[in-house]
2 protein chains.
Amino acid sequence: MDKSADRKKDFLHGGSRDPEERVARIKAFIEGGLYGEMRDFLREMEPEDIAEILNEFSAEDKLRIFGSLSSDSAAVVLDVTDPQTRLQILQGFDNKKLARVLDEMPVDEAADVIEDVAEEKREGLLDLMEQEDAEEVEEILGYPEDSAGRVMNPNFVFVRQDDDVEDAIKHIRGIELDEDFYNVYVVDEKRRLKGIVPLRKFLLSPSGTLVRNIMEQDVHSVLVDTDQEQAAMIMKKYDLFSLPVVDDKGELVGRITADDIIDVIDEERAEDISKMTGTIEEERGTETTFRATRNRLPWLIVCMIGSIVTGLVIQMFEVTLAEMIALVSFIPVITATGGNSGVQASTVVVRGIALGHMDFGKLGDEIRRQFKIAVSLGFVCGMVLTVLASFWKRDSHLGLIAGLSIFLVVIWSNFVGVFVPVIFKRMNIDPAIASGPLITTLNDVIGVFIYLNVATAFIS
Amino acid sequence: MDKSADRKKDFLHGGSRDPEERVARIKAFIEGGLYGEMRDFLREMEPEDIAEILNEFSAEDKLRIFGSLSSDSAAVVLDVTDPQTRLQILQGFDNKKLARVLDEMPVDEAADVIEDVAEEKREGLLDLMEQEDAEEVEEILGYPEDSAGRVMNPNFVFVRQDDDVEDAIKHIRGIELDEDFYNVYVVDEKRRLKGIVPLRKFLLSPSGTLVRNIMEQDVHSVLVDTDQEQAAMIMKKYDLFSLPVVDDKGELVGRITADDIIDVIDEERAEDISKMTGTIEEERGTETTFRATRNRLPWLIVCMIGSIVTGLVIQMFEVTLAEMIALVSFIPVITATGGNSGVQASTVVVRGIALGHMDFGKLGDEIRRQFKIAVSLGFVCGMVLTVLASFWKRDSHLGLIAGLSIFLVVIWSNFVGVFVPVIFKRMNIDPAIASGPLITTLNDVIGVFIYLNVATAFIS
């Protein structure tokens with residue numbers, strides 16, 4: 001936490017912001033049975049900070065702490081705490097009290113929580129919630145996973161085009177939303193989106209002005225079933241604070257806000273990294289051994305079989321290797337360096353594709369550019385290895401074999417690193433997958449092939 | 001782009017949103033010398049969309065298109081277009097006109113642009129800008145790179161605690177900002193931050209109410225020199241739309257908005273990926289061959305040298321290998337599988353550390369969990385390889401050597417993948433660095449060592 005925030009908290013709450021110290025104090029309260037003191041202490045903390053330290057407690061103590069929070073604090077804690085803690089609270093906590101907490105949450109977040117509730121408990125929980133909230137939650141859960149409908153909040157403020165600014169303000173005053181709002185939507189009689197008015201404009205417009213005269217008409221929106229990443233990209237591109245969501249009849253059904261989108265982008269980042277490292281999906285640190293194994297195993301097995309192909313290439317050259325056993329020492333140098341430079345190239349290309357820098361027209365330029373970089377990298381690596389290998393093996397012949405091979409292998413690996421993502425993109429496969437173990441395995445096979453060919457040519 | 005947005009644009013702009021078609025039409029306008037028509041066509045497009053297609057044009061045409069935009073469109077285009085296009089515009093465009101465009105930009109974005117301007121041109125450009133804007137730009141550029149001061153906007157709306165709501169609204173009406181705002185800051189006579197009022201509250205409060213009675217006092221803020229990623233994490237954690245920035249005297253100097261933070265998170269994501277793949281910094285697709293080489297080379301060389309250590313291990317076992325040359329075929333299987341499973345484990349751990357799931361208390365649990373996963377992965381890989389290798393080499397002896405080795409190697413690699421990031425974290429080194437080539441290289445060395453020891457034991 002930054003110093004400025006620190007200083008302010010110390011002043012406001014009269015306590016340390018050090019999480020370890022807070023955990024220790026709460027543990028002391030629990031041990032001493034000082035529940036009143038604990039409640040006071042927790043009241044001084046921000047719910048996000050409570051959520052963050054909950055995983056330091058036993059399941060029983062988690063419930064004790066959660067139970068002593070006000071409904072609105074509990075709502076934030078349940079929303080932002082880690083998945084394991086959330087699950088423990090959902091399993092251990094009384095349904096009636098849980099329903100009251102869920103009623104306090106923005107509906108999109110409540111839906112997110114209820115998704116985690118065991119099937120048999122879910123129905124009962126929804127029955128205990130306020131009817132309107134429960135209905136909205138069920139509606140959100142009806143949209144496809146990762147769609148705009150899942151992250152939107154179905155509560156928003158709307159006015160009519162022909163409203164007077166003063167009437168509109170009066171209307172807005174009467175509304176209580178579960179989440180803050182900064183934009184007011186303008187709809188027609190069929191609730192179809194017609195425009196948007198930033199709150200600021202209401203303050204600036206003299207009474208008597210019609211809403212249609214201050215609204216912005218050129219509004220970006222997405223359909224409920226649009227992918228959430230696409231919605232995020234639109235908000236990022238046009239610097240939007242909120243994005244209206246419409247159904248297929250054009251009727252306004254919800255809004256996505258910037259804080260939702262920050263979460264989406266962070267999730268997508270984790271997804272990218274999973275792809276690059278060859279796990280199927282993100283592990284949350286709560287999976288069973290079986291689930292985690294099932295998640296990581298497929299790529300491991302695929303790459304193991306791929307590297308058996310490299311083994312087959314080596315088998316083809318057993319005569320050469322038997323003749324000069326010192327050649328074997330360079331096999332890991334070839335595979336490691338080829339693998340690394342291939343991943344470097346593919347990462348640059350995948351990023352370029354994602355940002356749209358590598359469109360139709362520019363592809364040729366980019367390939368030329370990457371080729372020059374590859375030759376330059378290969379040249380330096382080749383020189384370095386020639387010198388190192390000659391000294392190590394006291395054999396300049398061997399040094400030359402290794403150096404020339406690495407020069408060719410680096411160029412080749414870069415070539416693969418550039419082309420595989422481009423081809424994947426053309427075939428509508430996510431190019432990020434290419435940056436992972438796939439390119440490394442491919443480069444192993446061909447790298448070893450190049451090396452042993454060079455070696456055989458030199459020896460004979 | 002989604003269908004809903006498409007339909008609306010077609011209606012609003014009477015044109016296709018297909019970028020290729022737009023490029024073709026603009027090229028036709030330029031070829032035919034129909035500059036008036038081009039201007040009209042561009043006026044119907046959103047500046048973000050213009051920025052996106054600019055890289056399809058020659059440097060000359062870019063200037064032609066940019067020159068025909070209104071200052072406010074040009075300001076957005078200059079802000080969001082790709083770095084190469086931006087540089088071409090900055091180099092080719094008249095300083096006077098450029099200054100007018102910069103005046104239109106939010107100051108933080110203008111500073112971002114001016115940073116890219118060649119030193120000798122910069123001074124002249126700042127002289128041509130409005131004095132106030134120029135001064136603010138210079139102030140922003142004085143803050144350290146990647147700090148909150150660099151991404152904040154120094155223009156914001158502030159009122160006094162003892163103002164009446166009505167006076168405050170009158171004051172707000174008189175202000176024109178270069179960027180939208182949704183929150184009003186409350187300061188004391190020394191301009192120190194005292195609170196925040198969401199715009200909505202002004203609409204809801206009866207006149208006569210004092211600002212101090214509707215303001216939220218418990219405000220998060222950061223210092224100007226706080227790292228931008230830390231600022232982003234605070235905004236993400238507490239779901240903030242804007243974050244005030246104060247100097248070391250507590251004086252309010254700027255605000256960071258959610259759209260800035262979305263850009264920061266996206267940048268950090270690119271940085272993570274760079275670390276994982278062993279490039280020093282992100283390549284933007286515009287670097288010279290020399291710069292790109294300098295960027296990628298260090299890790300390549302480090303890993304090449306690391307893999308020479310693996311070569312030394314192999315050299316130690318040359319007698320065993322010469323005795324049974326078929327053993328060589330499995331070296332790539334060992335290194336590839338060990339490398340992959342190490343990266344998988346480290347990614348999970350690095351992510352866990354970043355999200356704070358792997359704090360002091362939980363470390364022991366997590367290590368036990370990872371160990372079970374490793375044994376389970378190693379067991380399956382070991383069985384598969386034993387069968388495959390026995391059939392391939394028609395030698396169950398060899399199959400057993402390979403299978404047992406891979407079992408041990410997978411367990412070991414997972415162990416390294418878990419511990420290296422944890423140790424890095426303890427030593428205050430960014431654990432993300434560990435997920436890259438480092439772990440792969442380390443696992444190569446030890447994997448090969450395990451394998452050749454197992455082989456030697458079996459043979460003798």
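Quick caveat: nothing in here was measured; it's all calculated off a predicted structure.

A. Molecular detail of the pattern of salt bridges. A complete count under the given rule lists 26 salt bridges over all chains for this structure. In this structure, the salt-bridge partner of aspartate 49 of chain B is lysine 237 of chain A, at a minimum N-O distance of 2.6 Å. Of this pair, aspartate 49 of chain B sits in helix H4 (residues 47–53) while lysine 237 of chain A sits in helix H16 (residues 228–237), on two different chains. Look at aspartate 49 of chain B and you get buried, because its relative accessible area is 5%. Relative accessible area serves as the criterion here: at 17%, lysine 237 of chain A is assigned to the buried category. For glutamate 115 of chain B, the salt bridge is made with arginine 150 of chain B, and the minimal N-O distance between the two is 3.2 Å.

B. Main features of the sheet that holds strand E5 (residues 242–246) of chain B. Residue and element names in this part refer to chain B. Judged by pairing direction, the sheet is mixed, and its three strands sit side by side in the order E4-E5-E6 without closing on themselves. Both edges of this open sheet fall to strand E4 (222–223) and strand E6 (252–257), since each of them pairs with a single strand only. The sheet contact formed by E5 and E6 spans five bridges and is antiparallel. Within the sheet, the bridge partner assigned to serine 242 lies in E6 and is threonine 257. Along the sheet, helix H16 (residues 228–237) contacts E4, E5 and E6; its crossing angle with E5, the most-contacted strand, is approximately 140 degrees.

C. Up close: the confidence of the model for chain A. Residues and elements named next belong to chain A. Predicted confidence across chain A gives a mean pLDDT of 85, with 90% of residues reaching 70 or more. Below pLDDT 50 for its whole length, residues 1–15 participates in 35 contacts with residues either more than four positions away or in separate chains. Both scores are available for the predicted complex, with the pTM at 0.72 and the ipTM at 0.72.

D. Summary view of a nonpolar patch on the surface. Side chains of Ile423, Met427 and Ile429 of chain A sit close together on the surface and give an oily, nonpolar patch of about 270 Å² of accessible area. Here isoleucine 429 of chain A shows up in the loop between helix H22 (396–426) and helix H23 (437–459).

E. A look at helix H13 (residues 165–173) of chain A. All of the buried residues along H13 of chain A are Val165, Ala168, Ile169 and Ile172 of chain A. Buried residues of H13 of chain A, viewed axially, fall in a sector of 100 degrees; they line one side. In the core, the buried residues of H13 of chain A are packed alongside strand E1 (158–160), strand E2 (183–187), helix H14 (199–204) and helix H15 (211–214) of chain A together with helix H14 (199–204) of chain B. N-cap assignment for H13 of chain A: the residue whose side-chain oxygen lies 2.9 Å from the backbone N of glutamate 166 of chain A is aspartate 164 of chain A.

F. A look at the domain arrangement of chain A. Residues and elements named next belong to chain A. Annotation of chain A at the domain level lists domain 1 (3–146), domain 2 (158–273) and domain 3 (289–459). Computed from C-alpha atoms alone, the centre-to-centre distance between domain 1 and domain 2 is 29 Å. With eight residues of domain 1 at the contact, the number on the domain 2 side is eight residues. Summing both partners gives a buried area of about 640 Å² for domain 1 against domain 2, and 43% of it is carried by carbon and sulfur. Sorting the residues of domain 1 by area buried against domain 2 places Pro106, Tyr143 and Asp146 first, and these three jointly supply 63% of that buried surface. Taken together, the connections running from domain 1 to domain 2 amount to zero salt bridges. Counting the contacts that link domain 1 with domain 2 gives one residue pair in polar contact (both at pLDDT 80 or more). Broken down by class, the residue content of the side of domain 1 that touches domain 2 amounts to five nonpolar, no polar and three charged.

Calculation criteria
Residues numbered from 1 in each chain as written. Chains lettered and ligands numbered in written order. Predicted model: local features only at pLDDT ≥ 70, side-chain atom pairs only at ≥ 80, totals over all residues. Heavy atoms only, no water. Salt bridge = Lys/Arg side-chain N within 4 Å of Asp/Glu carboxyl O. Helix = DSSP H or I, 4+ residues; strand = E, 2+ residues; numbered from the N terminus. Buried < 20%, exposed > 50% of the residue type's maximum accessible area, 1.4 Å probe, protein only. Pairing = 2+ DSSP bridges. Contact = heavy atoms within 4.5 Å. Axes fitted to C-alpha atoms, helices over the stretch in contact; angles between N-to-C directions. pLDDT = per-residue confidence, 0-100. Patch = residues over 30% accessible without salt bridge, like charges linked within 9 Å, V, L, I, M, F, W, Y side chains within 5 Å. Areas by Shrake-Rupley, 256 points an atom, 1.4 Å probe, with all protein chains shown as cover. Arc of directions from axis to C-beta. Polar contact = N/O pair within 3.5 Å; in protein donor to acceptor, adjacent residues only side chain to side chain. Domains from an automatic or database assignment. Buried area = accessible area lost by both parts, 1.4 Å probe. Nonpolar A, V, L, I, M, F, W, Y, C, P; charged D, E, K, R; others polar.

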